[in-house]
Amino acid sequence: MTHTPLSPRTRTRARSRRALLCAALLALTVQTTAVAPALSEGPGGRGGSDCVRTEGHLDGKARKVLDITRTAKKDLRLNAVQVRVTVDGREVLTDALGESMTGVPAEPGMHFRAGSVAFAHISTTLLKLVEERRVRLDDTVERWLPDLPKANRITLRMLASNTTGLHDYVTDPEFLKELEAHPFRAWTPEQLVAYPLRHSFWYEPGTSWSYSHANYVYLVEALEKITGVRIDRLVREKVTGPLELRNTQNNFTPEIPRPVLHAFTSDRGLYEESTFWNPSWTTAPGAVITTDICDLARSAQAIGSGELLSPRSYRTLLDPGTVGLGGGTATCPATICLKQTEATHFGLGVIVVNGWIVQNPSFSGYAAIQAYLPSRRLAVAVSATKTATTPDGNQAEVVAQRIAAALAPGDPLAID
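Definitions and limits used
Residues numbered from 1 in each chain as written. Predicted model: local features only at pLDDT ≥ 70, side-chain atom pairs only at ≥ 80, totals over all residues. Heavy atoms only, no water. Helix = DSSP H or I, 4+ residues; strand = E, 2+ residues; numbered from the N terminus. Buried < 20%, exposed > 50% of the residue type's maximum accessible area, 1.4 Å probe, protein only. Expected span 1.5 Å × (residues − 1). Arc of directions from axis to C-beta. Contact = heavy atoms within 4.5 Å. Polar contact = N/O pair within 3.5 Å; in protein donor to acceptor, adjacent residues only side chain to side chain. Core = buried A, V, L, I, M, F, W, Y, C linked by side-chain atoms within 4.5 Å. Axes fitted to C-alpha atoms, helices over the stretch in contact; angles between N-to-C directions. Parallel < 35°, antiparallel > 145°, perpendicular 65-115°, else oblique. Left-handed = near helix turned anticlockwise from the far one by under 90°. Nonpolar A, V, L, I, M, F, W, Y, C, P; charged D, E, K, R; others polar. Pairing = 2+ DSSP bridges.

## Observations regarding the overall build of the protein
Turning to step 1, where the next piece is worked out: When helices and strands are tallied, the protein shows 10 helices and 14 strands.
Turning to step 2, where the next piece is worked out: With 416 residues in all, the protein has 62% of them scored as buried.

Dropping the structure here:
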């Protein structure tokens, strides 16, 4: 569900069997039914949005971002692109290009699936609980996850940082076969983790790094048992509520709050609408989120700056001990146990790339990225949807990379 430099995304056709993450590839590549959703009300019961295009005369920086986005949309043959850039929280540009559906212009306030962005929120929630001394990051999880093999050796830190050694179900051929055949299927957590549990661990917990969506399925279960609070409510209390992300919400069904940015994909061979394919496979119930581009930029800024965390917790978010882990062994190939370096590595629910703090979901025709560069207080958020000829991969990343190259030329957002 997440296409990050660290998390493979699921592609349901053989030509794209590398994972989506739900989010992650790190060249790091790392291993993210409703007929009526378009009629549903948005958050707070309203059908409109307060996320709108930048009004008035555009200054030089805003014009540059808009020109880059227009050119990228054409070059990449995208159906729609939403973009928002801020510096120190102040808007540089908010806009949307292209169409949601034929004859329906894309708007900045249209909602889309945000996939692995939820992992950044969940990991921040975990660190908040640690700060409150309700749990320790290095607590083993056997009391909350008694059915997880090696639970007495797996810690909350390992689940959040992808160092358990669990296989990733989104790269399992049997799972991919089922997902491709039945895109509207509703998945339970038990059905999802059954795939990695068919395999032995890649390595002993804590000794290497490999991306697995199963880690966050288990982490959500553990957090709910620790707090006695459902994960959507817990994340709202700790993260999205304090940040006033009013257009970011969990959805227990395939519904997307209106207005909807529609998605299309050729994953199954035929270019088709995928807006309401069931996203329950991407992570645990309660953490399947939608958002808009303004909330995505605010999320990028807040998560990337550690706004909600103590300095110590923020340092842990960026490097929970993953730097130096990974690398191929006799039991785990280098394509799975990706080497984590200071320049590019997975933190707690985020990816660190040349100083940028990133999440980049890509699945079922939706692609997005939130990226924040602390040294310049620069936030870049992009969402993109495809035409039948759009190149493979998360093309929102490409748009963001071009914007980053123009606004922060000394700090490349080099995810691939």
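Still more to cover.
## With respect to helix α1 (residues 60-75)
Turning to step 1, where the next piece is worked out: Here α1 is 16 residues long and its end C-alpha atoms lie 22 Å apart, about the 22 Å a rise of 1.5 Å per residue gives.
Turning to step 2, where the next piece is worked out: Along α1, the residues that are buried comprise Ala62, Val65, Leu66, Ile68, Thr69 and Ala72. Buried positions in α1, seen along its axis, are confined to an arc of 160° and lie on one side of it. Residues of α1 that are exposed and point over 90 degrees away from its buried face: Gly60 and Lys74.
Turning to step 3, where the next piece is worked out: The inward-facing, buried residues of α1 contact β1 (78-87), β2 (90-101) and α10 (395-407).
Turning to step 4, where the next piece is worked out: Near the N-terminus of α1, the side chain that reaches the backbone nitrogen of Lys61, with its oxygen 3.2 Å away, is that of Asp59.

## Points about the nonpolar core
Turning to step 1, where the next piece is worked out: Grouped together as the largest cluster of nonpolar side chains are 100 residues, with contacts concentrated most on Phe175, Trp356, Val382 and Ile403.
Turning to step 2, where the next piece is worked out: When residues of this core are assigned to their parent elements, the largest contribution, nine residues, is made by helix α6 (residues 213-227).
Turning to step 3, where the next piece is worked out: Membership of the second largest hydrophobic core comes to 22 residues, among which are Phe112, Val117, Ile293 and Ala381.

## Quick word on the packing of helix α2 (residues 117-131) against α6
Turning to step 1, where the next piece is worked out: Orientation of α2 relative to α6, taken along the N-to-C sense of each, is 40°, at an axis distance of 11 Å. Our classification of the angle between α2 and α6 gives oblique. Handedness of the crossing formed by α2 with α6: left-handed. The residues of α6 that touch α2, namely those facing Phe119, Ile122, Ser123, Leu126 and Leu129, are His213, Tyr216, Leu219, Val220, Leu223 and Thr227.
Turning to step 2, where the next piece is worked out: Broken down by class, the residue content of the contact of α2 with α6 amounts to eight nonpolar, three polar and no charged.

## A few points about the pairing of strand β14 (residues 378-386)
Turning to step 1, where the next piece is worked out: The buried fraction of β14 is high, at nine of nine residues.
Turning to step 2, where the next piece is worked out: Going residue by residue along β14, you find Leu378, Val380, Val382, Ala384 and Lys386 tucked away on one face and Ala379, Ala381, Ser383 and Thr385 tucked away on the opposite face as well.
Turning to step 3, where the next piece is worked out: In the sheet, β1 pairs with β14 via nine bridges, with the strands oriented antiparallel. Opposite Val85, over in β14, you have Val380 as the bridge partner.
Turning to step 4, where the next piece is worked out: As defined by bridge partners, strand β13 (residues 366-373) adjoins β14 across eight bridges and the pair is classed as antiparallel. Bridge assignment links Gln370 to a residue of β14, and that residue is Ala381.
Turning to step 5, where the next piece is worked out: Hairpin connection of β13 to β14: four residues between the antiparallel strands, including Arg377 at a positive phi of 55°.

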